[in-house]
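# Descriptive analysis of the structure
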Amino acid sequence: MIFSSIFFLFLFLPSAILANFLFKKWIKIQNFVLMLFSLLFYYWGEKNYIVVMLICICINYISGLLISYSQNQILKKVYLILAIVVSIGLLAYFKYFNFIMDNVNYFLDSKVDEGVMNIILPLGISFYTFHALSYVIDVYWGKVQCEKNLFTFICYVSLFPQLVAGPIVRYRDIRHSFYHRIITRTSFKNGVLRFCFGLGKKVLIANTVALVADKAFSVPHADLTFATAWLGAIAYTLQIYFDFSGYSDMAIGIGLMLGFRYKENFNFPYCALSIQDFWRRWHMSLSSWFRDYLYIPLGGNRKSAVRTYFNLIAVFVLCGLWHGAMCILVQLEHSFLS
């Protein structure tokens with residue numbers, strides 16, 4: 001189910017908004033109903049892979065409780081490491097099993113059964129994994145109290161506006177909304193307008209230029225002209241921006257309609273004057289996640305120049321791994337240029 005589908009626009013979203021209003025006086029029931037809608041949203045597209053998301057949620061929920069109630073600092077760190085290893089392990093398995101086996105087959109000249117290699121990447125796994133990890137790390141750092149209500153935590157990780165395409169939402173940024181939500185006429189109106197703006201970017205612009213990009217990229221190399229190559233590159237550049245930022249706008253708009261306020265995810269990245277500036281403007285929730293949970297804990301730029309370069313390379317390589325195998329070299333190149 002995608003935000004621009006007829007079913008979502010005319011049935012699922014209105015039903016979720018109506019249910020959210022009907023139970024506005026009972027916040028726990030409201031959270032529970034939103035959780036059910038979010039799980040239905042995910043199950044609609046992924047069926048059995050919802051189990052993977054629930055495993056990730058339960059591991060981080062239990063880890064958060066253990067970290068919060070443990071008095072031993074060493075045990076706290078053990079619980080944190082276990083949560084990180086399991087969460088990242090699930091993400092790495094689904095993202096890279098096929099890639100690794102393809103390379104094993106190539107270098108060893110072997111053939112692994114195709115049924116074994118047919119691992120499908122679950123929808124939104126990169127996003128909900130980072131949602132859950134930001135929560136358990138913040139609990140370990142003492143920046144947020146652990147969430148004792150399992151249903152509320154499931155609602156946070158699986159909340160359908162930010163589940164499949166971002167932005168990456170931290171629990172500490174919207175924790176208050178799970179206990180006290182106020183939806184005014186102004187905020188609801190702003191949410192509708194923001195959603196419609198994002199829908200227009202996705203349907204009217206991204207989908208249109210995608211046809212041009214696909215057509216240009218389908219031209220055989222021997223027949224590809226200079227003008228066609230540039231047309232395809234520009235069309236794809238516009239497609240990827242308006243598609244991704246359009247979904248972010250729709251997520252922010254739905255959040256406002258439901259009583260949640262998400263941070264911005266794009267800030268006119270194609271107006272950037274440098275690679276560093278582009279990095280700060282594009283998918284800001286991801287870049288700030290790596291900054292706060294990896295780059296700064298590693299030491300940032302507070303140590304030697306060699307350590308600073310190491311930290312930058314680590315961030316960009318892991319960012320490339322988050323996006324996929326083909327992005328690693330690109331991210332590594334960016335780390336040197338930045």
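In what follows, the structure referred to is the one given above.
Residues numbered from 1 in each chain as written. Predicted model: local features only at pLDDT ≥ 70, side-chain atom pairs only at ≥ 80, totals over all residues. Heavy atoms only, no water.

Right, let's get into the environment of Lys-95. Assignment of secondary structure puts Lys-95 in helix H4 (residues 73-108). The spacing of Lys-95 and Ser-187 is 92 residues in sequence and 38 Å in space, taken between C-alpha atoms. (Helix = DSSP H or I, 4+ residues; strand = E, 2+ residues; numbered from the N terminus.)

Gaps between atoms show up when a probe of the same size as a water molecule is rolled over them. In this model, the second largest pocket occupies a volume close to 460 Å³. Lining the second largest pocket we find 21 residues, and of these Ile-88, Phe-130, Trp-289, Phe-290 and Leu-318 sit closest to its centre. Among the elements of the structure, H4, helix H6 (125-141), helix H12 (284-295) and helix H13 (305-323) are those that each provide at least two residues to the lining of the second largest pocket. It is H4 that provides the largest number of residues to the lining of the second largest pocket, a total of seven residues. Of the residues assigned to the lining of the second largest pocket, the class counts are 20 nonpolar, no polar and one charged. (1 Å grid on protein atoms, 1.4 Å probe; cavity = no way out; pocket = protein on both sides within 12 Å on 5 of 7 lines; lining within 4 Å. Points joined across faces, edges and corners; volume = space filled by probe spheres on them. Nonpolar A, V, L, I, M, F, W, Y, C, P; charged D, E, K, R; others polar.)

Turning our attention to the environment of Ile-2. With respect to the element layout, Ile-2 can be found in the segment before helix H1 (6-22). Among residues more than four places away in sequence, those in contact with Ile-2 are Phe-8 and Tyr-247. (Contact = heavy atoms within 4.5 Å.)

This part takes up helix H9 (residues 185-217). Taking 1.5 Å of rise per residue, 33 residues should cover 48 Å, and H9 covers 46 Å from first to last C-alpha, within 8% of that figure. The largest bend in H9 is about 30°, located at Ala-206. (Expected span 1.5 Å × (residues − 1). Bend = angle between axes of the 7 residues up to and from the residue.)

What follows is about unusual backbone geometry. Look at Lys-47: it is not a glycine, yet its phi comes out positive at around 50°. With phi around 45°, His-283 is a residue other than glycine that occupies positive phi space. The topology assignment puts His-283 in the loop between helix H11 (275-281) and H12. Relative accessible area serves as the criterion here: at 2%, His-283 is assigned to the buried category. (Buried < 20%, exposed > 50% of the residue type's maximum accessible area, 1.4 Å probe, protein only.)

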